[in-house]
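# A structural walkthrough
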Amino acid sequence: MTEERKYQEMLQRIRGFRLLDDDFMTKCFEDNIEATELVLSIVLNKPDIKVIKVQTQYSMKNIKGRSLRLDIYATDSENKKYNIEIQRADKGAGAKRARYNISLIDSNILPIGFEVENLAETYVIFITENDVIGKNKPIYHIDRYIRETEEYFDDGSHIIYVNASYKDDTELGKLMHDFAAIEPEDMNFKVLANATGYYKKDKEGIQAMCKAMEDMITDDRKETALRLLKQGVLTNEQIAEGVGLDVKVVNALAEENILQTV
């Protein structure tokens, strides 16, 4: 395949992207405090929320070295932490995935020497293409409660599922319409229309999106290569040929893997 054909195919993919496509969404929200504030203010019904930091494709590790890449990780002016995840497949938004995200965030945000009582309030928000809870509601709030007294147990952790298939004239319905829209001109919120329009129609934005897609493909290939290296069945040359990487890259991954296991 020629480079020109590869570029045209990539352009075609970009034109069809929606904010429900996590790779595109995370690029649109990269350093985009205004867009993140919009989503959180509507989902949480907190119009005065002030986001001070946004990171996309943010990696966290547990004590055993297993990593998790968060679509969006944000902090507000009250030091509350927010993880926003886009999930088109129902399987990726299960209850235990939400539990794991919260546990990993908790283990990463408490500085050494600080009391557990100082844990920041955390929110894990799944925006799902389908109604994964299955109760035909636009939004689901999951919090802990005391069964015997039916009282709220405030441990500072919250899980929210937003059903993107539920669209109406509310602010949340309009937001989900925008997440499913292909054309920026069809969107209700200007900040989202501007972000998607930049990466779909602006020359520099398109170039940045193409570069991001190429990097994502390379990262996926590296992850596949690393899994194959850990299996120890194939040679580095065979892995490189199979996943489409330069053998020098695979050799570097192999050396890094050896250092991590020593």
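The rules behind each value
Residues numbered from 1 in each chain as written. Predicted model: local features only at pLDDT ≥ 70, side-chain atom pairs only at ≥ 80, totals over all residues. Heavy atoms only, no water. Disulfide = S-S within 2.5 Å. Buried < 20%, exposed > 50% of the residue type's maximum accessible area, 1.4 Å probe, protein only. Helix = DSSP H or I, 4+ residues; strand = E, 2+ residues; numbered from the N terminus. Pairing = 2+ DSSP bridges. 1 Å grid on protein atoms, 1.4 Å probe; cavity = no way out; pocket = protein on both sides within 12 Å on 5 of 7 lines; lining within 4 Å. Points joined across faces, edges and corners; volume = space filled by probe spheres on them. Core = buried A, V, L, I, M, F, W, Y, C linked by side-chain atoms within 4.5 Å. Patch = residues over 30% accessible without salt bridge, like charges linked within 9 Å, V, L, I, M, F, W, Y side chains within 5 Å. Areas by Shrake-Rupley, 256 points an atom, 1.4 Å probe, with all protein chains shown as cover. Salt bridge = Lys/Arg side-chain N within 4 Å of Asp/Glu carboxyl O. Lys, Arg positive; Asp, Glu negative; His and termini not counted. Charge placed at Lys NZ, Arg CZ, Asp CG, Glu CD.

What follows deals with the state of the cysteines. Per the stated rule, a full pass over the model turns up zero disulfides. Unpaired in this structure, C28 has its nearest cysteine sulfur neighbour in C210, at a distance of 13 Å.

Taken across its seven residues, strand β4 (residues 122-128) has seven buried, putting it largely inside the fold. Side chains of β4 alternate between two faces, with T122, V124, F126 and T128 and Y123, I125 and I127 buried alike. Both strand β3 (residues 81-87) and β4 contribute to a ladder of seven bridges, which runs parallel. By the bridge assignment, N83 is partnered in β4 with V124. Where β4 meets strand β8 (residues 157-163), seven bridges bridge the pair, whose relative direction is parallel. In the sheet register, T128 faces β8, and the bridge partner there is N163.

Before going further, it helps to examine unusual backbone geometry. Phi at N45 takes a positive value of approximately 55°, unusual for a residue other than glycine. Positionally, N45 belongs in the loop between α3 (33-43) and β1 (51-61). In the Ramachandran plot, Q57 falls in the positive-phi region, its phi being about 50° despite a non-glycine side chain. Among the structural elements, Q57 can be located in strand β1.

This part takes up the layout of surface pockets. Taken as a whole, the second largest pocket spans an internal volume of roughly 460 Å³. Lining of the second largest pocket is provided by 22 residues; of these, I102, D106, R144, D155 and S157 occupy positions nearest its centre. Of all elements in the fold, only α4 (95-109) and β8 reach the threshold of two or more residues within the lining of the second largest pocket. No other element matches the six residues that α4 contributes to the lining of the second largest pocket.

Turning our attention to the nonpolar core. Counting residues in each nonpolar core, the largest one holds 48 residues, and the members touching the most others are F29, V43, I125, I127, L175, F179 and L192. Of all the elements, α3 adds the most residues to this core, at six residues. With 16 residues, the next largest nonpolar core counts L70, A93, F126 and I159 among its residues.

What follows concerns a negative patch on the surface. Residues D22, D23, D219, D220 and E223 make up a contiguous surface patch of negative charge. Elements supplying a minimum of two residues to the negative patch: α2 (22-28) and α7 (203-231). At three residues, the largest contribution of residues to the negative patch is made by α7. By the secondary structure assignment, D219 is in helix α7. By relative accessible area, D219 is classed as partly exposed at 33%.

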